[in-house]
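One-letter residues, chain by chain:
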Amino acid sequence: MQPEIILIATLLLPLPGALLMWVLAPSDKSVRWAALGTTLLILVGAIVLVVMNPNNGEPYAIHDGPHSSTFLDVQFFSVGLDGLGLWLFLLSAVLMVTAVLVSWTAIKERVGLFYGMLLLLEFGCLGVFTARDIILFYVFFEFTLIPLFFLIGIWGSEDRRYAAIKFFLFTLAGSMLTFLGLLAIVLFDYSINQRATLVFSIPDLMEGLADHPIPANWQVWIFLALFAGFAIKVPLFPVHTWLPLAHVQAPTAGSVFLAGILLKIGVYGFLRFSVPFLPTATALCMPWLLWLSVIGIIYGALVALAQTDMKKLIAYSSVSHLGYCTLGLFALTPLGVQGSALQMINHGISTGALFALVGMLYERYHTREISQYGGLAQRFPRMTFFMVLFTFSAIGLPGTNGFAGEFLILVGMFQRGWMSPELMVIAVLSVLGVVLGAWYMLSLVKRVFFGPLREPRGHDNSKPVSDLNIREVGALLPLAVFVFWIGLYPKFFLDRMAPTLDRLTKAAEEEVRHLDMDSEPQATSNRVDTESIARVR
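These figures come from a predicted structure and were not determined experimentally. Per chain, residue numbering runs from 1 following the sequence as it is written. For this predicted model, a pLDDT threshold of at least 70 governs which residues receive local features, and a threshold of 80 or more governs which side-chain atom pairs are given and counted, while totals over whole chains, interfaces and linings are taken from all residues. Calculation of side-chain values draws on the structure's entire complement of heavy atoms; hydrogens and water are dropped beforehand.

1. Details of the side chain of S103
Filter applied, for reference: By the criteria applied, helices consist of DSSP H or I runs no shorter than four residues and strands consist of E runs no shorter than two, each listed in order from the N terminus. The buried label applies to any residue whose accessible area, calculated with a 1.4 Å probe on protein chains only, is under 20% of its type's maximum; exposed applies above 50%, and partly exposed to all values in between. For this analysis, residues touch if any pair of their heavy atoms sits within 4.5 Å.
Along the chain, S103 falls in the loop between α4 (85-102) and α5 (111-128). By relative accessible area, which is 2% here, S103 ends up buried. Non-local contacts of S103, meaning those with residues more than four positions away in its chain, are made with F114, Y115 and A253.

The following block contains the structure:
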């Protein structure tokens, strides 16, 4: 079977699956099994697409729909995969299986609607990572807001409505500016390349703007427009304030998918659009972007240290960890960019699993307050094993996936740091996030799972609390496999990412080199002038 057929079938499968959820709504048991079956089929399709990857650096599984016959040259449903979108596509499929399994007994009301919304959310995310047309990308980009808005607003905690509205308004406001930036790219391509129609094909725009780039002053303004939406999605400091509230109020499945996939759309947008289409602006803004990244790394870690709620602690850790993703990306070195792309996958695995574990614990005791727990390893050895494993993954222990990504990012940042003392300061400060990350995560595990046994006050001891069951282990086991697979053999993933990443960042890296070369004669001239003055004196 042709890979494009498998891609289209896998991408569209959540839609009939969501419809089936609503048809089966009266029977909660049937809905759960149908949702699991649908997500497993999607996962099988994603795995088949990974196996069929030709590993030659070229996009594949491409389906180009018919072109519109109007002035707007829009391709209807143009999709495909490359070395960047492939792994996020697979991660979306894996995490949705986890999301379905962790909601099995936690969701008791409107079960059919809940799983239908989960599948619609998966459809939107899969579409974002496969779209080859700007209009299609933006449709999927905005579509992801709707199901998550309802997931938080209907099945969330006490302040769910406020959290849902804040999340929706923040992301919608930023994405409207992003849409204007994307349209500006299309219009400049039309004007500069003297095209007969407005072209929305992402590969065609990349080719056209590589030969005839947008003027530098306009690049900066367009970059800021794109930055508004993508930075909120990441989220970068200081536009991160919607994230902790959304995580705390969201149901467990919502938190798993929000942390694992939706936050990656922002970094993906920077890589797919900002860096290749606006290389000069990216190079000019690089120091500011690196400063925002390192501030987010340290700020998120320090705030995480002060948290008393487990879910909020992991939410702020996401702010810190995603700062590393943008740090590696905007360092604009091959190792940094590869580390950034790999760390997107790593963060989705480790943080998605940590949110799932917190949800499992909450389902047993109905509190997330760290002070209410202690010594749970005596009751839950299996849960403790997975918690320790994914904690080690999150803090980057050698041998786990987190180490591979963070190491590449830091090496890439130090390579860029030799460019100027300011960038070296950023590189040194970024290491502090690793230390703080180990501090707050190991402290969480120690206080909750080790020491004397302490269970939440008010817990009915007459009702036995069991360790993880087969369903819960099954939800975490695929993520544990990826922890060791990426940690011990990252080459498998990096080899398939590198050609795509090199193509996307080549122009921006050249712009950075040009700026560096332009600054060197000025610095040399300043030194000569200083020496001349000294000799005269």
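2. Overview of a nonpolar patch on the surface
Selection criterion: Patch construction takes residues with relative accessible area above 30% that form no salt bridge. Like charges are linked within 9 Å, and nonpolar side chains (Val, Leu, Ile, Met, Phe, Trp, Tyr) are linked within 5 Å. Each accessible area is a Shrake-Rupley estimate made with a 1.4 Å probe; only the visible protein chains count as cover when residues are assessed. For this analysis, a salt bridge means a side-chain nitrogen from Lys or Arg found within 4 Å of a carboxyl oxygen belonging to Asp or Glu.
Together, L477, V481, F484, W485, L488 and Y489 line one region of the surface with nonpolar side chains, adding up to about 600 Å² of accessible area. With respect to the helices, strands and loops of the structure, V481 is situated in helix α20 (residues 470-488).

3. Points about the pattern of salt bridges
Applying the stated rule across the entire model yields seven salt bridges. For R368, the salt bridge is made with D309, and the minimal N-O distance between the two is 3.4 Å. Residue R368 is found in the loop between α16 (334-365) and α17 (381-395), and its partner D309 is found in the loop between α14 (279-305) and α15 (310-331); the two are separated by 59 residues along the sequence. R379 is the partner of E455 in a salt bridge, and the nearest nitrogen-oxygen pair spans 2.8 Å. Of this pair, E455 sits in the loop between α19 (421-449) and α20 while R379 sits in the loop between α16 and α17, and the two are 76 residues apart along the sequence. Since its relative accessible area comes to 34%, R379 is described here as partly exposed.

4. Things to note about helix α8 (residues 160-192)
Quick reminder of the rule: Here the expected span of a helix is defined as 1.5 Å times the quantity of residues minus one.
With 33 residues, α8 should reach 48 Å at 1.5 Å per residue; the first-to-last C-alpha distance of 48 Å fits that figure. Downstream of α8 by a residue or two, Q194 has a phi angle that is positive, lying close to 50°.

5. Brief notes about unusual backbone geometry
Along the chain, V234 connects to P235 via a cis peptide bond; the corresponding omega equals -5°. With respect to the helices and strands, P235 occurs in the loop between α10 (216-233) and α11 (242-249). Look at the link from F237 to P238: it is a cis peptide, with omega at 10°. Within the secondary structure, P238 is located in the loop between α10 and α11. At R110, a position not held by glycine, the phi torsion is positive, near 50°.

6. Notes on the confidence of the model for the chain
Under the convention used in this document: The quantity known as pLDDT measures the predictor's confidence residue by residue, on a range of 0 to 100.
When pLDDT is averaged across the chain, the result is 87; 93% of the residues are at 70 or more. At the level of individual helices and strands, the chain shows its lowest average pLDDT in strand β2 (residues 72-73), which scores 61, and its highest in α4, which scores 94. Contacts from residues 522-537, a stretch scored under 50 in pLDDT, to residues over four places away or in other chains number zero contacts.

7. What to know about the side chain of R416
Applied cut-off: A 3.5 Å cut-off defines polar contacts: any pair of N or O atoms within that distance qualifies, except that in protein one atom must be a possible hydrogen donor and the other a possible acceptor, and neighbouring residues in sequence count only when both atoms are side-chain atoms.
Considering the arrangement of structural elements, one finds R416 in helix α18 (residues 401-417). Using a relative accessible area of 11% as the deciding quantity, one classes R416 as buried. Of the polar contacts made by the side chain of R416, one reaches the backbone oxygen of A331; its length is 2.7 Å.

8. Description of the packing of aromatic side chains
Rule in force here: Aromatic pairing here means that ring centres of Phe, Tyr or Trp (its six-membered ring) are within 6.5 Å. Orientation follows from the plane angle: under 30 degrees is stacked, over 60 is edge-to-face, and everything else is tilted. A ring has a charge above it when a Lys NZ or an Arg CZ is no more than 6 Å from the ring centre and no more than 35 degrees off the ring normal.
Counted according to the given criterion, the structure contains 32 aromatic pairs. The interplanar angle of 55° and the centroid separation of 6.0 Å between the aromatic rings of F273 and F277 together place this pair among those described as tilted. Highlighted residues: F273 and F277, both in helix α13 (residues 264-277), separated by four residues, approximately one helical turn. Judged by its relative accessible area of 0%, F273 falls in the buried class. What links up through ring pairs into an aromatic cluster is the set F137, Y138, F141, F179, F227, F230, F270, F273, F277 and F330. Seen from the ring of F380, R364 lies directly overhead, with NZ or CZ sitting 6.0 Å from the centre. In this arrangement the basic side chain of R496 is found over the ring face of F492, its NZ or CZ atom lying 3.9 Å from the centre.

9. Details of the environment of M419
Inspection of the secondary structure puts M419 in the loop between α18 and α19. Given a relative accessible area of 26%, M419 falls into the partly exposed group. Along the sequence, M419 and E4 sit 415 residues apart, while their C-alpha atoms lie 44 Å from each other. Apart from the residues within four sequence positions on either side, M419 is in contact with M286, V512 and D516.

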